[in-house]
Every structure is written in structure tokens, then in C-alpha cells.
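# Residue-level structure breakdown
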Amino acid sequence: MPTFTAPDGTRLAYRVHGSGDPVLCVPGGPADSRYLGGLGGLSAHHRLIFLDLRGTGRSAVPEDTSSYRCDRLVEDVEALREHLGLAEADLLAHSAGANLATRYVARYPHQVRRLALITPGTRAVGVVVTAECRRELARLRKDEPWFPEAFAALEEITGGTGSDWDAISPFFHGRWDAAARRHQAAARPDNAEAVTLFAADGAFDPQATRAAIGGCGSPVLLLAGEFDLNSPPRSTAEFAELFPDATFVVQRGAGHYPWLDDADRFVATTAAFLA
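All of the points below concern the structure found in this document. (Residues numbered from 1 in each chain as written. Predicted model: local features only at pLDDT ≥ 70, side-chain atom pairs only at ≥ 80, totals over all residues. Heavy atoms only, no water.)

### Focus: the pattern of salt bridges
Tallying each qualifying case throughout the model produces 20 salt bridges. The partner of Asp-8 in a salt bridge is Arg-54, and the shortest N-O contact between them spans 2.7 Å. Pair noted here: Asp-8 is in the loop between β1 (3-5) and β2 (11-17) and Arg-54 is in the loop between β4 (47-51) and α1 (70-84), with a separation of 46 residues, a long-range link. Ionic pairing is found between Asp-71 and Arg-69, a salt bridge with its closest N-O pair at 2.7 Å. Asp-71 sits in the buried class, given a relative accessible area of 11%. (Salt bridge = Lys/Arg side-chain N within 4 Å of Asp/Glu carboxyl O. Helix = DSSP H or I, 4+ residues; strand = E, 2+ residues; numbered from the N terminus. Buried < 20%, exposed > 50% of the residue type's maximum accessible area, 1.4 Å probe, protein only.)

See below:
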């Protein structure tokens, strides 16, 4: 895998998939970017450049682990843009990576041509997902065979008495089949410290970030999965309202990984936005 050096000297890796106009891709988690695959075939339309965030995938563990914090990772994305020699970049981010991408746009608004936020996390802008919102969304799956056990685990988690996150995994997929099970395992972060410190004190400044993206001149796509318990359509729609030029799309039948649930629909929507 190709590598480059972050401003603090940490060696970071990225992988390239496909050909065409480049799109910088930021994973969620923070997790090894390989779980994104080729984004369901989007790589047939664009040259996807997947960054392994520091301490994940093939990127090195930094000497200063406080640099795992979301706002500090912004400079890694900027270093990758400079390394690739791009005057401006199309940026795509998934899940928690959307918090990083949003902070990047707030700091470097003129470096982003288009921004695609896929089933985005919303902590960077202070949009709160309530427990009741998650329960309402979960009840849409009440006819699924796995629902009773998964919903009981969700009730315990939202009530503060449980922590069986594996039990609620079906709620993050449009179809809970063998492929979804394999993907869920592959998407699981393996650097607990990086996950914990990503959202450490100071990582987010919602008021300042909202003010900054309110002047964003770039087109923004926010794509939600109809059944996504992590990034519900309601919170994603609220996020979209913060951008002057936002397109909000709900992919029917999809969960947190829409390229897995319906690759053709996901690619058609995303490729059209990035064209």
C-alpha cells in the first residue's frame, strides 16, 4: 500500500481502488478501511482513495495517542490531499468518519469540491439521536425472526443496563444474512484506544462547526439508510438542514452499510452526485 507522512511524522497508508476522478474516502470506526471494499461498485466510476486513519489498517500507531482525537485527524486528511497533489478534492465519509469530514470542511472549506456523507455520525454538529428514536426505528423490523432477542438487547442498552452490542447487529443491516454477518465482523474496529480517543474532550465544537458549514459553498449529499439504527433518517435530515446546498436521500431497505444492502441503488445515487 502507498504511504505518506502526517505533519507529526506518523506514517499513514491508503489504498486506491478503481479509476477516474479521485474521491478521498474516510472510514468510520475508526476502523480498517477495507470494510468499505469498493463501495458496491462505485470504484467503476471513480478512483477511490481510502485513508487508513492512524492506528488502524496499515497506518502506524502515533507516538502521541492524543492525536487520535477527531479534530486533530483533520490534518491527516489535509496531508493526504497535498500528497496527492489535488487542488481540491471530492470527499466521501462513512459513519463516524462524517464527523471528521465535517470538521475538515469547517477548517478547509475551499479544498472540498463535493462532500458525500454516507449514513453519517452527527456528533460534530451536536445533533442528538434519542433512545426513543432508535426504538421507533427498531420496531419497523418487528416481523424479522431475530427481532425479539435484538430488541430486548437494545432496550437494555438504551436503558443503561446492557452492553451486548453484538446482539443488536441485525439492526444495522437491511438484510441479516451470511454476507451481513461477515461484513459486520470485518467492520469492527480493532484499536479500542483509537475509538475511545476519537471523541475525547475537545474533539467536537458543535457551535463553531455549525457556523462554519453554514457558509459552505460545496454541494453536499447526505445519504441515510431507511432502517439504520446508528444514523437514523431523522437525524441525518436534521444534519442536512445545516448546509446551504444539501441533497438528502433515504435509501429504502438499507441499513448502516447501504452499498451492501443494494449496491446498484447506492452507486446510482452516489455516482450521480459526484459526476
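Back to the text.
### Brief notes about the sheet that holds strand β3 (residues 22-26)
Pairing in this open sheet of eight strands is mixed, and the strands run β1-β2-β4-β3-β5-β6-β7-β8 from one edge to the other. Each having just a single partner strand, β1 and β8 (246-251) make up the two edges of the open sheet. The average undirected angle you get between the axes of adjacent strands in this sheet is 25°. Taken together, the four bridges between β2 and β4 define a ladder with antiparallel strand orientation. (Pairing = 2+ DSSP bridges. Axes fitted to C-alpha atoms, helices over the stretch in contact; angles between N-to-C directions.)

### Considering the packing of α1 against helix α2 (residues 97-107)
The angle between the axes and the distance between the axes are what describe a pair of packed helices. With their axes 9 Å apart at the nearest point, α1 and α2 run at an angle of 70° to one another. Considered as vectors, α1 and α2 are oriented roughly perpendicular to each other. When α1 is examined against α2, the residues Cys-70, Asp-71, Leu-73, Val-74, Glu-75, Val-77, Glu-78 and Arg-81 are found in contact with a partner set consisting of Asn-99, Leu-100, Arg-103, Tyr-104 and Arg-107. By residue class, the composition of the contact of α1 with α2 is six nonpolar, one polar and six charged. (Parallel < 35°, antiparallel > 145°, perpendicular 65-115°, else oblique. Contact = heavy atoms within 4.5 Å. Nonpolar A, V, L, I, M, F, W, Y, C, P; charged D, E, K, R; others polar.)

### Topic: the pairing of β4
Most of β4 sits out of view: four of its five residues are buried. Bridge count between β3 and β4: four bridges; the pairing is parallel. Paired with Val-23 across the strands is Leu-48, a residue of β4.

### Some details on the environment of Leu-274
Within the secondary structure, Leu-274 is located in helix α10 (residues 263-274). The class of Leu-274 is buried, set by a relative accessible area of 1%. In contact with Leu-274, not counting residues within four places along its chain, are Val-23, Leu-42, His-46, Asp-90 and Arg-114.

### Concerning the layout of surface pockets
It is a probe the size of a water molecule, rolled over the atoms, that shows where empty space is left. The volume enclosed by the largest pocket comes to roughly 1,200 Å³. Around the largest pocket, the lining is made up of 38 residues, and of these Gly-29, Ser-95, Trp-165, Phe-172 and Asn-230 lie nearest the centre. For the lining of the largest pocket, the elements supplying multiple residues, two or more each, are α3 (131-138), α4 (147-158) and α6 (192-198). Among the residues forming the lining of the largest pocket, the class breakdown is 20 nonpolar, 14 polar and four charged. (1 Å grid on protein atoms, 1.4 Å probe; cavity = no way out; pocket = protein on both sides within 12 Å on 5 of 7 lines; lining within 4 Å. Points joined across faces, edges and corners; volume = space filled by probe spheres on them.)

### So, the packing of aromatic side chains
What the rule picks out here adds up to eleven aromatic pairs. A centroid spacing of 5.2 Å and a plane angle of 35° characterise the contact between Tyr-104 and Tyr-108, whose relative ring orientation is tilted. Measuring from ring centre to ring centre gives 5.2 Å for Trp-146 and Phe-171, while their planes differ by 85°; the resulting arrangement is edge-to-face. Remark: Phe-171 occurs in the loop between α4 and α5 (178-186) and Trp-146 occurs in the loop between α3 and α4; sequence separation between them is 25 residues. The exposure classification of Trp-146 matches that of Phe-171, with both residues buried. Taken together, Tyr-35, Tyr-257, Trp-259 and Phe-266 form an aromatic cluster joined through their ring pairs. Positioned above the aromatic ring of Phe-50, the side-chain terminus of Arg-15 is 3.9 Å from the ring centre. (Phe/Tyr/Trp six-rings, centres within 6.5 Å; stacked < 30°, edge-to-face > 60°. Lys NZ or Arg CZ within 6 Å of the ring centre and 35° of its normal.)

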